[in-house]
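The primary structure of each chain is shown beneath.
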Amino acid sequence: MKKKNPSTPKQEMQKRIQRKKIKKIVLISLATVLAFGTIYMGVAVFDQISGFSKEKLMSGESSTILTADTGNDDSTEFYSYGSGGVRKNVAYEDIPQIMIDAVVAAEDSRFFEHNGFDIPRIVKALMSNIIAMDITGGGSTITQQVIKKSYYPKEEQTIQRKIGEVILSIEATSQTTKEEILELYLNKIYFGYGNKAIGIYAASRYYFDKSVQNLTLPEAALLAGTLNSPNQFDPFRNLDLAQKRRDTILDLMELHGYITKEECAVTKKIPVENTLKSNPLNAGGKYQAYADKVTREVYEKTGYDPNKTPMKIYTYMDTSLQEELDNIAKGESFEYTDKYIQAGASVQESQTGRIIGVMSGRNYEPMGTTFAYAASKERVAKKELAAYGQRNQPGSSLKPIISYAAAFEYLDYSTAHYVHDVPFVSGNYSPKNWDNKFHGDISIKSALSSSWNLAAINTYNEVINKIGKDKMKSYLESFGFDMYDETALGSQYAIGGWSTGVSPEEEAGAYAAIANGGTYITPHTVQKIILLEENKTIELDEQFQNEKKQALSAESSFMIRDVMTSYVKDGTGSYSRLNLGYQIGAKTGTSNHSTNKNEIPNPSLAGKSKDGWMTAFSPDYSWSVWSGYTSADQKKGMYYKGSDAARMCAAIAKAVHGKQLKNSYPTQPTGISQDQCISGIYPYVSVGSGVPSDRVVTGWFKNSNKPTGSASGSTLNSLASFTASLADNKISVNFTPYDPESRTQSGTPTKTYTTGGGGSVTLPYLGDINQIYGKVVYVVDVLDAAGTVIHSEKLSTATATLNYTPPAGTYTLSGYYALENDGTTSNKITQTITSVGSPTASTSYSKKSLTATTLVLHFEIPTGSKVVATVSGASKELTTSGDVTFSSLVANTEYTITFVETTATGDVHNLTPFKFTTPAA
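Values in this document were obtained by computation on a predicted structure and should not be read as measured data.

**Quick notes on the pairing of strand β30 (residues 866-871)**
Residues V867, A869 and V871 point to one face of β30 and are all buried, whereas K866, V868 and T870, pointing to the other face, are not buried. Pairing of β30 with strand β33 (residues 894-902) involves five bridges; the strand directions are antiparallel. Residue pairing across strands places K866 opposite T902, the latter belonging to β33. Pairing geometry for β30 and strand β31 (residues 874-878), over five bridges, is antiparallel. Looking at β31, one finds that V871 is bridged to A874. In textbook terms, the turn of a hairpin is the stretch between consecutive antiparallel strands, and for β30 and β31 this stretch comprises two residues, one of which, S872, has a positive phi near 50°.

As structure tokens, then:
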């Protein structure tokens, strides 16, 4: 093996120089990294502590929600909460010494000795962090905890934060007194679960329902014990742990000389539960439902969380109304169907969109599930918001908007329009009315007041066929409905079959637009927000007013409002409760469970009612109420079977309205006018002479679609033949039968429709203008030799025998078609007959007039003869010719009058009886 040549002295020198250079570079690099790290750490810490001031430390002013009818700073405070919950500052001198002792013993025994941080505590915490290989916290003094709450609300666990916390604690100790630090601490710290026990004031109320000044030793020890882990040691959730922790604090108080051994032992014998008030976890505070709505609204509209950002919030809450809603929710001023049924309601000013009262539910928990409103579906889906609130199927409660207002808007219908309550079949979908009947052509007022499903569905489909589903979706969005994932927009939407449902807040906001001339304003509780630290004002109400939009034209709004206030004023059914003299319009609604037992929570619910609604408006307010059962109770078979929603709606109507209205509805728009048309005919036709009164309707029409033309009679077929014959002194006649025969069979025209399952149904139909004057009848006039009509008879069949016996003589018979309720006739054909007279019957009679209650017959009685006429058991004797009146008849009733004639020669015989039916009243 070849040996390596040894290095020369010169080469060795070069190697040593090279190694020195490398060491120097490494040392310089390490120094640079250390310097930059120190600078970075120093800058980071400096950024955290540079803004320190005593004023900032002391400015723990709580967020405050105020009533704000005027927005003035002196508005009445009704709810307040600090950084995370309800809070009110308590001065140090109002905190009992026993509470101070308990907290110092539990949290920082050397508090009154150190300068803001305690080295032994820091060292102990540091060792724990090294062992855990992480920043696990611990070791903080009371002063450090105050700094953390004031300067590090997110409580990030970083080295920079801990260093900054120590420096700020020393600075705070130099600028403030120990008493001020303790006061801040006890007013900022959590004493229990959630936001109900932040600060000593709230905690005293939460646990003991007493003021801070009255706290006793066992109560003070319990409160001090919760500070280490508020959620874990909340006695309402972990009573045993809370008891052990309280006793530990008592031991610490004895150890540090705050209480004697005897006091410690005696106090430990007092059970924690004996010191507590009733469990408050399931009960909200006063105005809680409204306050939670405000909290959510502020965060969602501004991004600021009232729990974390000091602010003053001015709202539109009506305290007297909110108290009444709270009383209704608690069942104090309202009797529910049972103890399980739930309810939600929202009340707002109809002219401004300002929500003045909220009922989130019975047994409502703070920030819990609300049945009055719900989070944005899209923002929840995108995880921008946490889900809250429950929407429910609206049933029929939205028919006025989704079917009829839409028809006014897009089809230019009139309030006098007749809609079609006839079968609707689409595949397997064949909905029914609540009475399982069809009602043919009916007025919009009747369709809404009786809530006929099929009329709403058929009208909705007419609108959809004209404008399409995309435009219908935009139309509903303009009323404030959350249409995210509402894509089907099938026929079921007309009767409440929505994918995800609606909330009372949405319905109240939508109906407010009807009361407000079609203008939609986003429902809201907040007037303005003042950010206290920034001294910045956010005008939310001003923003909402500026963003208002025209959801419905003034004309369509006027028309649907006219219909709705009209049937409420009539006071039928549930609407009678709202006929209070405030021009209220309203709509009820009920949704049903599916009949498919595989789709419902409990098989016994098949087809049963699920949701109950009533939404109403007046010139001043708009309000909506939902009532029903939770999903858990539905699984037990509970279903909506009462009138809770309607009764609550009426209770709210009385609560919000004074003796007189403050506002009035918008005046009649120039684009509409009132007119008359013939019912059921479209396009609308003006009323002419002779149109039956029961076919004349008055309504509001858009000027672009007013009645035209005129109906002054109907065309009849020509009579082809008419014959008459006389046999045994009886006149028989024969007409060419009228074609179509159906026009002679009923005074009410009909039409046959296909129903589900292949069946059919025949229903009243008003759409044929030729049938507005009633059915076609066959008429025979009997004229004497002078041409005077001495007898006229309307026949329902083409072949008949007249109810008339002619005396001896020659007569002309005129036959023709005529409309029963009109003077329209066809051509006339005449025939001549000659009567030799009857050897036994010389008296004759003919009908002169007939009304619902009175019949007038004309009699020709030979001298010496008398006739006894009997009807319904009552008789009258006739001896001379002339008109005879039969009165006190009953409308729409069939009668038969019998006649017995006694001639001058003493012969007695019967005349032909007279059968007739009185017309309807």
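**Considering the pattern of salt bridges**
A full pass over the atoms with the stated rule returns 20 salt bridges. A salt bridge links E384 to R379, with the nearest nitrogen and oxygen atoms 3.2 Å apart. On the basis of relative accessibility, which here comes to 43%, the residue E384 falls in the partly exposed class. For R379, a relative accessible area of 26% translates into the label partly exposed. A salt bridge links K445 to D570; its shortest N-O distance comes to 2.7 Å. Highlighted residues: K445 in helix α17 (residues 444-449) and D570 in helix α22 (residues 554-570), separated in sequence by 125 residues. The exposure class assigned to K445 is partly exposed, which follows from its relative accessible area of 30%. Residue D570 is classed as partly exposed on the basis of its relative accessible area of 47%.

**A word on the sheet that holds strand β27 (residues 829-835)**
Pairing between sheet strands relies on hydrogen bonds along the backbone, with the strands arranged either parallel or antiparallel. With antiparallel pairing, the four strands of this open sheet are ordered in space as β24-β23-β26-β27. The open sheet terminates on both sides in strands that have one partner only, identified here as β24 (789-795) and β27. For this sheet, the mean angle separating the axes of adjacent strands, direction not counted, is 25°. Sheet topology note: the strand β26 (residues 809-819)/β27 ladder contains seven bridges and is antiparallel. In the strand pairing of β27, Y811 is matched with I833.

**Structural notes on the nonpolar core**
M472, Y475, L476 and L578 are the most contacted members of the largest nonpolar core, which totals 100 residues. Apart from residues no more than four positions distant in its own chain, M472 is found in contact with I402, A406, Y460, V463, I464, I467 and L489.

**Topic: the packing of aromatic side chains**
Each aromatic ring pair is described using two quantities: the centre-to-centre distance and the angle formed by the ring planes. Scanning the entire structure with this criterion turns up 31 aromatic pairs. Aromatic side chains Y207 and F236 sit 5.7 Å apart centroid to centroid with 20° between the ring planes, which places their arrangement in the stacked category. A residue pair is termed long-range when its members are at least 10 positions apart, and Y207 in helix α8 (residues 200-208) and F236 in the loop between α9 (217-226) and α10 (239-255) qualify at 29 residues. The pair formed by Y207 and F236 is uniform in burial state, with each residue classed as buried. Centre to centre, the rings of F617 and Y665 are 6.2 Å apart; their planes meet at 70°, and the pair counts as edge-to-face.

The rules behind these values
Residues numbered from 1 in each chain as written. Predicted model: local features only at pLDDT ≥ 70, side-chain atom pairs only at ≥ 80, totals over all residues. Heavy atoms only, no water. Buried < 20%, exposed > 50% of the residue type's maximum accessible area, 1.4 Å probe, protein only. Helix = DSSP H or I, 4+ residues; strand = E, 2+ residues; numbered from the N terminus. Pairing = 2+ DSSP bridges. Salt bridge = Lys/Arg side-chain N within 4 Å of Asp/Glu carboxyl O. Axes fitted to C-alpha atoms, helices over the stretch in contact; angles between N-to-C directions. Core = buried A, V, L, I, M, F, W, Y, C linked by side-chain atoms within 4.5 Å. Contact = heavy atoms within 4.5 Å. Phe/Tyr/Trp six-rings, centres within 6.5 Å; stacked < 30°, edge-to-face > 60°.

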